[in-house]
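Here is what each chain is made of, one letter per residue.
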Amino acid sequence: MSAFDSFPIARKWPPQDPSVLQLYSFPTPNGVKASIALEEMGIPYEAHKVTLSDADVKSPEFLSLNPNNKIPAIIDPNGPDGTPIGLFESGAILIYLAEKSGKLIGSTATEKAQIIQWLMFQMGGLGPMLGQLGFFYKFAGSEWEDKRPRQRYIDEAKRLLNVLNLELADKDWIAGDYSIADIAIAPWLRALDFYGAKDVLAWEDHTNLVDYLKRFTDRPAVQKGLVTPPRE
Ligand SMILES: N[C@@H](CCC(=O)N[C@@H](CS)C(=O)NCC(=O)O)C(=O)O
């Protein structure tokens, strides 16, 4: 009897080592949050490549773990109550991993609250808005005749970049020491390159953000997490 018998996803993506945490992901800005956190925290894990194609994210096996058909998702066979736990939503996964490891979530209740505040800023604002910018700037929406949605997301992305740039004027990380809030935010800033949207947002003028992103991507755990699981 394995901890994974009750998880249908394990039939399509079987664990090699069922004693360690299983990550189901793809190296997108949301996906790499989980792999970077696992690398930073030193939690043993196995990564399974789940592409964004319907054959993967909309397969019955994947939907059994995340009915919302989006990566990342995890199963921890060593859950907090002595039973395995499955989780989706990158913000929830980051909080879970931070609490499990006791790392990257501050050392006081105040620090923790502030880290979660910036994590929520990413989950509810930066991620969804930059995601829409990508749709209207690089993907299918860029062909739409009506340019108002495109402009709306350019303006909103500029506003959010300005908020972060000002906030990072006198600090290295967004909420005290390096934390899960940075792991949530920085991959989305990096995505602007992929969207080809750096010029339209005057990225280089946001010098605090340019330095912040470099500090982030210089970290060895980040470099590993960014390519886990490999695309190919
Ligand atoms: N709020 C979710 C968003 C996750 C998300 O949007 N994942 C995308 C890739 S970045 C995905 O799996 N898309 C596949 C689909 O929508 O079919 C989270 O933070 O985990």
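Bear in mind that the values here come from a model prediction, so they are computed numbers and not experimental data. (Residues numbered from 1 in each chain as written. Predicted model: local features only at pLDDT ≥ 70, side-chain atom pairs only at ≥ 80, totals over all residues. Heavy atoms only, no water.)

## Structural notes on the site of the ligand
Now for step 1: By nearness alone, every residue bordering the ligand is listed as Thr28, Asn30, Leu52, Val57, Asn69, Lys70, Ile71, Pro72, Glu89, Ser90 and Met123.
Now for step 2: One nitrogen or oxygen atom from the side chain of Lys70 is found 2.6 Å from an oxygen atom belonging to the ligand.
Now for step 3: Within the contact set of the ligand, an oxygen atom lies 2.6 Å away from a side-chain nitrogen or oxygen of Ser90.
Now for step 4: For the ligand, the protein covers 78% of the area, taking 520 Å² as the surface of the free molecule. (Near = heavy atom within 4 Å. Polar contact = N/O pair within 3.5 Å; in protein donor to acceptor, adjacent residues only side chain to side chain. Areas by Shrake-Rupley, 256 points an atom, 1.4 Å probe, with all protein chains shown as cover.)

## A word on the domain arrangement of the protein chain
Now for step 1: What the domain assignment reports for the protein chain is domain 1 (9-103) and domain 2 (109-221).
Now for step 2: The straight-line distance from the C-alpha centre of domain 1 to that of domain 2 is 23 Å.
Now for step 3: If you look at the interface, domain 1 gives 16 residues, while domain 2 gives 16 residues.
Now for step 4: Between Lys112 and Glu99 there is a salt bridge, with its nearest N and O atoms 2.5 Å apart.
Now for step 5: In this assembly, domain 1 and domain 2 are joined by five residue pairs in polar contact (both at pLDDT 80 or more). (Domains from an automatic or database assignment. Contact = heavy atoms within 4.5 Å. Salt bridge = Lys/Arg side-chain N within 4 Å of Asp/Glu carboxyl O.)

## Some points on the environment of Lys70
Now for step 1: Mapping Lys70 onto the fold places it in the loop between helix H4 (60-63) and strand S3 (73-76).
Now for step 2: Assessed through its relative accessible area of 48%, Lys70 is described here as partly exposed.
Now for step 3: Taking the C-alpha atoms as reference points, Lys70 and Leu52, 18 residues apart in sequence, are found 7.7 Å from one another. (Helix = DSSP H or I, 4+ residues; strand = E, 2+ residues; numbered from the N terminus. Buried < 20%, exposed > 50% of the residue type's maximum accessible area, 1.4 Å probe, protein only.)

## Quick look at helix H8 (residues 180-194)
Now for step 1: In a regular helix each residue adds 1.5 Å, so 15 residues correspond to 21 Å; H8 covers 22 Å between its end C-alpha atoms and thus fits that length.
Now for step 2: Across the 15 residues of H8, twelve count as buried, placing the element largely inside the fold.
Now for step 3: If you check which residues of H8 are buried, you get Ile180, Ala181, Asp182, Ile183, Ala184, Ile185, Ala186, Pro187, Trp188, Leu189, Ala191 and Leu192.
Now for step 4: Once H8 ends, the next one or two residues include Gly196, with phi positive near 65°. (Expected span 1.5 Å × (residues − 1).)

## With respect to the packing of aromatic side chains
Now for step 1: Summed over all chains, the structure comprises 14 aromatic pairs.
Now for step 2: A ring pair is formed by Trp173 and Tyr212, whose centres lie 5.8 Å apart and whose planes are at 65°; its orientation type is edge-to-face. Separated by 39 residues along the polypeptide, Trp173 in the loop between helix H7 (148-167) and H8 and Tyr212 in helix H9 (residues 207-217) bring together distant segments of the chain. We note that Trp173, like Tyr212, is buried.
Now for step 3: Linked through ring pairs, Phe135, Phe136, Trp144 and Tyr153 together constitute an aromatic cluster.
Now for step 4: A cation over an aromatic ring shows up here: Arg152 above the ring of Tyr153, its NZ or CZ 6.0 Å from the ring centre. (Phe/Tyr/Trp six-rings, centres within 6.5 Å; stacked < 30°, edge-to-face > 60°. Lys NZ or Arg CZ within 6 Å of the ring centre and 35° of its normal.)

## Observations regarding the pattern of salt bridges
Now for step 1: Evaluation of the coordinates by the stated rule reveals eleven salt bridges.
Now for step 2: Put simply, Asp54 and Lys58 hold a salt bridge, and the shortest N to O gap is 3.8 Å.
Now for step 3: Assessed through its relative accessible area of 44%, Lys58 is described here as partly exposed.

## Topic: the pairing of strand S2 (residues 45-49)
Put simply, side chains in a regular strand alternate between the two faces of the sheet.
Now for step 1: Sheet topology places strand S1 (residues 21-25) next to S2; five bridges connect them, and they run parallel. Paired with Leu21 across the two strands is Tyr45, which belongs to S2.
Now for step 2: For the crossover that starts at S1, traverses helix H2 (residues 31-41) and ends in the parallel S2, the hand is right-handed. (Pairing = 2+ DSSP bridges. Right-handed = clockwise from strand over helix to strand, strands pointing away.)

## With respect to the pairing of S1
Now for step 1: Burial of S1 is extensive: five of the five residues sit out of reach of the surface.
Now for step 2: Residues of S1 alternate between two faces, with Leu21, Leu23 and Ser25 on one and Gln22 and Tyr24 on the opposite face, all of them buried.

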